Amino acid sequence: MATTTTVPKNLYHKRHVADAAAKQCDICYRPSTCVLITPDQNDWFYICPGHLKDRGFCSPAGEERKVKAKVEAEGQGGEGDAEKEKREKLEKEKEEIRLQVIREYEEKLAKKGKEKGKDKDKKEEDKKEGDKKEDKKDGKDKDKEEDEKKEEEEPRIFVLHKKIFDRRVLLKRQAIAAKRNLERMKNPGFWPSVPSGLP
């Protein structure tokens, strides 16, 4: 029974499995839910996400295309920059409006609360605490947005470093050879027979 040995392409897709299905990383042996798999699903292995950032281990496929696309976008007038400037301008206007509303509210309180100085101090403290809470919420929202952008920007297709890929091919060939040898050993014709003649 002849088995064909095909060398897999050096192109791996990143996939994630459930936490319950986590297995040890091929490099550091820590549990990992990240898997690199070839498109034809012949070769796959678990890997830590940190190793994917190591340029000595692998590099994102199509990295050159992304760099070229960014350069072209900047050369075409930087549409991304214009949108960014508009967004920043809107945020500044919103902040100015919010500050104006706060000032007007404080002026109304000052007119009404000349007699009640204590109440005014409490309200101002509450207002400051409310502003701090809003700033914290805004900070959390921005962090979530940045995390989502990072996830979108993370590459999903990788090319292994030459030595790492050669090791994967060698392991694959050794596994095929071991399987073939096991099949041969199961065949009774593989082993030598006991001599039938007298010495």
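Caption draft 1: Highlighting the overall build of the chain. Each helix and strand in the chain was counted, giving 5 helices and 7 strands. Helices and strands appear in the chain in the N-to-C order β-β-β-β-β-α-β-α-α-α-β-α. Within the chain, counting contacts between residues at least 6 apart in sequence, those at least 24 apart form 55% of the total. Taken as a whole, the chain presents about 16900 Å² of accessible surface, with 52% of it coming from carbon and sulfur.

Caption draft 2: Geometry of the side chain of D43. Mapped onto the elements of the fold, D43 is located in the loop between β4 (34-37) and β5 (44-46). A polar contact of 2.6 Å, which involves the side chain of D43, links it to the side chain of R168. Residue contacts for D43: discarding those within four places in its chain leaves Y12, L36, I37, T38 and R168.

Caption draft 3: Spatial organisation of helix α5 (residues 162-186). For α5, built from 25 residues, the straight-helix expectation of 36 Å at 1.5 Å per residue is met to within 8% by its first-to-last C-alpha distance of 36 Å. Considered for burial, the residues of α5 that qualify are I164, F165, R168 and V169. Buried-residue contacts for α5 involve β1 (12-16), β5 and β7 (157-160).

Caption draft 4: Just the nonpolar core, in detail. Within the largest apolar cluster, 15 residues are counted, with the highest numbers of intra-cluster contacts made by L36, F45, I47, L52, F57 and L160. Those elements giving two or more residues to this core turn out to be β4, β7 and α5. The greatest single-element share of this core, amounting to 3 residues, is contributed by α5. Among residues more than four places away in sequence, those in contact with L36 are Y12, H13, K14, D43, W44, F45, I47, L52, F57, F158 and L160.

Caption draft 5: The pattern of salt bridges, seen in detail. Within this structure, the stated rule accounts for 5 salt bridges. Here R98 ties to E95 by a salt bridge, and the two come within 2.8 Å at their closest N and O atoms. A residue pair is termed a helical-turn pair when its members lie 3 or 4 positions apart in one helix, as R98 and E95 do in helix α3 (residues 79-112) at 3 residues. By relative accessible area, R98 is classed as partly exposed at 25%. Judged by its relative accessible area of 35%, E95 falls in the partly exposed class. The residue K162 makes a salt bridge to D166 at a minimum N-O spacing of 3.1 Å.

Caption draft 6: Quick look at the packing of aromatic side chains. Inspection of the entire model under this criterion finds 4 aromatic pairs. Ring centres of F45 and F57 lie 6.4 Å apart, and the angle between their planes is 80°; this geometry places the pair in the edge-to-face category. Of this pair, F45 sits in strand β5 while F57 sits in the loop between α1 (49-52) and β6 (58-60), and the two are 12 residues apart along the sequence. With respect to class, F45 is no different from F57; both count as buried. Arranged with centres 5.2 Å apart and planes meeting at 85°, the rings of F190 and W191 form a pair that is edge-to-face. Residue F190 is classed as partly exposed on the basis of its relative accessible area of 44%. Taken together, the ring pairs in this structure connect Y12, F45 and F57 into an aromatic cluster.

Conventions we followed
- Residues numbered from 1 in each chain as written.
- Predicted model: local features only at pLDDT ≥ 70, side-chain atom pairs only at ≥ 80, totals over all residues.
- Heavy atoms only, no water.
- Helix = DSSP H or I, 4+ residues; strand = E, 2+ residues; numbered from the N terminus.
- Contact = heavy atoms within 4.5 Å.
- Areas by Shrake-Rupley, 256 points an atom, 1.4 Å probe, with all protein chains shown as cover.
- Polar contact = N/O pair within 3.5 Å; in protein donor to acceptor, adjacent residues only side chain to side chain.
- Expected span 1.5 Å × (residues − 1).
- Buried < 20%, exposed > 50% of the residue type's maximum accessible area, 1.4 Å probe, protein only.
- Core = buried A, V, L, I, M, F, W, Y, C linked by side-chain atoms within 4.5 Å.
- Salt bridge = Lys/Arg side-chain N within 4 Å of Asp/Glu carboxyl O.
- Phe/Tyr/Trp six-rings, centres within 6.5 Å; stacked < 30°, edge-to-face > 60°.

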